[in-house]
Amino acid sequence: MSPGTAGAEAHSSSRSRWGFGVPCPQPDATMLSRLLKEHQAKQNERKELQEKRRREAITAATCLTEALVDHLNVGVAQAYVNQRKLDREVKTLQAQAAQFAKQTGQWIGMVENFNQALKEIGDVENWARSIELDMRTIATALEYVYKGQLQSAPS
């Protein structure tokens, strides 16, 4: 380095970065330390705020999830209760239907027996008419024969 260039380098370090001849203040170590501490403090505040907001978001999401699950559980519980009621009613209806079928079978049996009895009565009535007609025929024949014998007998 030449003696002239060394002075130029020293002179250029005191100039602004744009080279207008206005010297830039050189930061000292305490200023840099203070700026670093401020920066770190701000970062820590942002991290704490972000962590706080994250915890609040998690808490809110948990509350929302619990509320939704509770709401769904109410519907599911109601559906379960309704299903149990329907099952009981179906069992009752099946029992009543079986009882009705049994009773209907008994009624059908009674009606068939009644019809058979009516047929038998009709058969007896027809038989009685037939016998009555036969008896009248026989009575008429006997009367005719008796009258014929009376007329043919010498008196």
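Computed from a prediction, not measured in an experiment: that's the story for all the values here.

Trainee: Quick question: what am I supposed to make of the overall build of the chain here?
Mentor: The secondary structure content of the chain amounts to two helices and zero strands. Taken across its 155 residues, the chain has 1% of its residues classed as buried. For the chain, the computed accessible surface area is about 14200 Å², with 62% contributed by carbon and sulfur atoms.

Trainee: Would you explain the UniProt feature "coiled-coil region" (unreviewed entry) in the chain in this entry?
Mentor: Residues annotated by UniProt as "coiled-coil region" (unreviewed entry) correspond here to residues 32-59. Helix makes up 100% of residues 32-59 and strand makes up 0%, while its end C-alpha atoms are separated by 40 Å.

Trainee: Can you walk me through the pattern of salt bridges in this structure?
Mentor: Charged atoms that come close allow side chains of opposite charge to pair. Here the structure, examined in full by the defined rule, presents six salt bridges. Measuring nitrogen to oxygen at the nearest pair gives 2.5 Å for the salt bridge that ties Glu 51 to Arg 54. Taken as a pair, Glu 51 and Arg 54 lie in helix H2 (residues 29-152) at a separation of three residues, close to a single helical turn.

Trainee: Even after reading the chapter, I still don't get the confidence of the model for the chain, so can you show me in this structure?
Mentor: For any part of a model where pLDDT is low, the fine detail of the predicted coordinates should not be relied upon. Mean pLDDT over the chain works out to 85, with 81% of the residues at or above the 70 mark. A low-confidence stretch, residues 1-16 stays under pLDDT 50, and its non-local contacts, those more than four residues away or across chains, total 12 contacts.

The rules behind these values
For every chain, the first residue of the written sequence is number 1, and numbering continues from 1 along that sequence. Local features in this predicted model are restricted to residues whose pLDDT is 70 or higher, and side-chain atom pairs enter the listing and the counts only when it is 80 or higher, whereas totals over whole chains, interfaces and linings include all residues. Water and hydrogen atoms play no part in the side-chain values, which are based on all heavy atoms of the structure. Starting at the N terminus, helices and strands are each numbered in turn, a helix being any DSSP run of H or I of at least four residues and a strand any DSSP run of E of at least two. Throughout, exposure labels follow a simple rule: accessible area from a 1.4 Å probe, protein chains only, divided by the maximum for the residue type, with under 20% read as buried, over 50% as exposed, and the rest as partly exposed. With residues, only the protein chains shown are counted as cover, and all accessible areas are computed by Shrake-Rupley using a 1.4 Å probe. UniProt positions are given in the numbering used here, feature names are shortened, and annotations may be inferred rather than shown by experiment. The working definition used for a salt bridge is a side-chain nitrogen of Lys or Arg within 4 Å of a carboxyl oxygen of Asp or Glu. pLDDT is defined as a per-residue confidence score from the predictor, taking values between 0 and 100. Contact definition: two residues touch when any of their heavy atoms are within 4.5 Å.

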